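This is what each chain is made of:
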There are 2 protein chains.
Amino acid sequence: MHKKKPNVDRVFHALGDPTRRAIVEKLSEGPISVSRLAEPLDITLAAVVQHLQVLEESGLVQTEKTGRVRTCRIEPAGLSLAEQWIGDRRSRWERRLDRLGDLLAEPDESK
Amino acid sequence: MHKKKPNVDRVFHALGDPTRRAIVEKLSEGPISVSRLAEPLDITLAAVVQHLQVLEESGLVQTEKTGRVRTCRIEPAGLSLAEQWIGDRRSRWERRLDRLGDLLAEPDESK
DNA sequence: ACAATTGTCAAGTGAATACTTAAGTAACGA
DNA sequence: TCGTTACTTAAGTATTCACTTGACAATTGT
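All of these numbers come straight from a predicted model, not from anything done at the bench.

Trainee: What am I meant to see in the packing of helix H2 (residues 18-27) of chain B against helix H4 (residues 45-58) of chain B here?
Mentor: Packed helix pairs are characterised by how far apart their axes lie and by the angle those axes make with each other. All names here are of chain B. For the pair H2 and H4, interaxial distance at closest approach is 10 Å and the crossing angle is 80°. In terms of orientation, H2 and H4 fall into the roughly perpendicular class. Across from Thr19, Arg20, Ile23 and Val24 in H2, the residues of H4 making contact are Val48, His51, Leu52, Val54 and Leu55. Residues belonging to the contact of H2 with H4 are distributed by class as follows: six nonpolar, two polar and one charged.

Trainee: Looking at this structure, how should I read the packing of aromatic side chains?
Mentor: To describe a pair of aromatic rings, one takes the distance between the centres and the angle between the planes. All names here are of chain A. Going through the model one piece at a time under the given rule, you end up with two aromatic pairs over all chains. Here the aromatic rings of phenylalanine 12 and tryptophan 85 are separated by 5.4 Å at their centres, their planes lie at 70°, and the arrangement is edge-to-face. Of the two residues, phenylalanine 12 is situated in helix H1 (residues 8-15) and tryptophan 85 in helix H5 (residues 76-105); the sequence distance between them amounts to 73 residues. No difference in accessibility class separates phenylalanine 12 from tryptophan 85, as the two residues are buried. Looking at arginine 96, its charged tip hangs above the ring of tryptophan 93, at a distance of 5.3 Å from the centre.

Trainee: In this structure, what is going on with the protein's contact with DNA strand C? I would like to understand it.
Mentor: In the vicinity of DNA strand C there are 23 residues, among which Ser35, Arg68 and Arg70 of chain A together with Gln50 and His51 of chain B approach most closely. Here serine 35 of chain A contributes a side-chain N or O atom positioned 2.3 Å from a phosphate oxygen of DNA strand C. Here arginine 68 of chain A contributes a side-chain N or O atom positioned 2.4 Å from a base oxygen of DNA strand C. Mapped by element, the contributors of at least two residues to the surface near DNA strand C are helix H3 (34-38), helix H4 (45-58) and strand E3 (69-74) of chain A together with H2 and H4 of chain B. By residue class, the composition of the surface near DNA strand C is eight nonpolar, nine polar and six charged.

Trainee: Please clarify how the interface of chain B and chain A should be interpreted in this entry.
Mentor: Facing the 31 residues of chain B at the interface are 31 residues of chain A. Together chain B and chain A conceal approximately 2,900 Å² of surface at their shared face, both sides included; 63% is due to carbon and sulfur atoms. Contact with chain A buries area across many residues of chain B, yet Arg21, Glu83 and Trp93 of chain B alone supply 22% of it, more than any other trio. Linking chain B to chain A there are ten salt bridges. Inspection of the chain B/chain A interface yields twelve residue pairs in polar contact (both at pLDDT 80 or more).

Analysis parameters
Residues numbered from 1 in each chain as written. Chains lettered and ligands numbered in written order. Predicted model: local features only at pLDDT ≥ 70, side-chain atom pairs only at ≥ 80, totals over all residues. Heavy atoms only, no water. Axes fitted to C-alpha atoms, helices over the stretch in contact; angles between N-to-C directions. Helix = DSSP H or I, 4+ residues; strand = E, 2+ residues; numbered from the N terminus. Parallel < 35°, antiparallel > 145°, perpendicular 65-115°, else oblique. Contact = heavy atoms within 4.5 Å. Nonpolar A, V, L, I, M, F, W, Y, C, P; charged D, E, K, R; others polar. Phe/Tyr/Trp six-rings, centres within 6.5 Å; stacked < 30°, edge-to-face > 60°. Buried < 20%, exposed > 50% of the residue type's maximum accessible area, 1.4 Å probe, protein only. Lys NZ or Arg CZ within 6 Å of the ring centre and 35° of its normal. Near = heavy atom within 4 Å. Polar contact = N/O pair within 3.5 Å; in protein donor to acceptor, adjacent residues only side chain to side chain. Buried area = accessible area lost by both parts, 1.4 Å probe. Salt bridge = Lys/Arg side-chain N within 4 Å of Asp/Glu carboxyl O.

Nothing here speaks to function; it is geometry throughout.
What follows is the structure in structure tokens.
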């Protein structure tokens, strides 16, 4: 089992590939097996498995094998991590803009 | 000038590289020139310029040349796009979990 | 027992990627 | 005007990456 702690570097690297994003997209609808994941994907099963390894290493996806079928599900903490990284940078930028705006609007606040 | 419309594919590809994320990180503190961006980065100026091209193509960064210095700034719409993509998938997953929870909590809602 | 399903593993290939070096251009500053 | 600064561009290189093929293992249905 061994749940991987999500890591910013790996998460963004994983999301950088369009096929892996398609996998995440599909998984957001619910858990699904490897072969059903592969069906719409125009690549071999082996390639899909490789993508899943990357996704699991990154902590974006968790999988569990029961019998001969491996079921894959999203690990939302991985997505949150990336979302937060982006949000942090964006809001830092926007707060900066606000401060600039304030300075321009009221150049003298000495009272 | 020609502001590039941000595009999900390019944005995620751009954010997939750690050096480019470091650049975005730095830019979130405010606009800065190419050479000052490069200073802490342990790679050549030429490499930084190449990363900036990718970032600009993706719509994450905007640059403007005045005299001999090119000033770079974040384009927050690019970050928002990625943030939204992630948020959409995460919330779809979470809504699904909620529905499942409801079903388990109240198996008979026929009234 | 046997065949089909579902996935795993290893090796190889071609393309993309990040990086360097080197040579050049344009603007600024004394 | 002449040197320095701040990029820019092109070409080459080494590595990483996505993908395929093919051989294999385990599980399940008949």
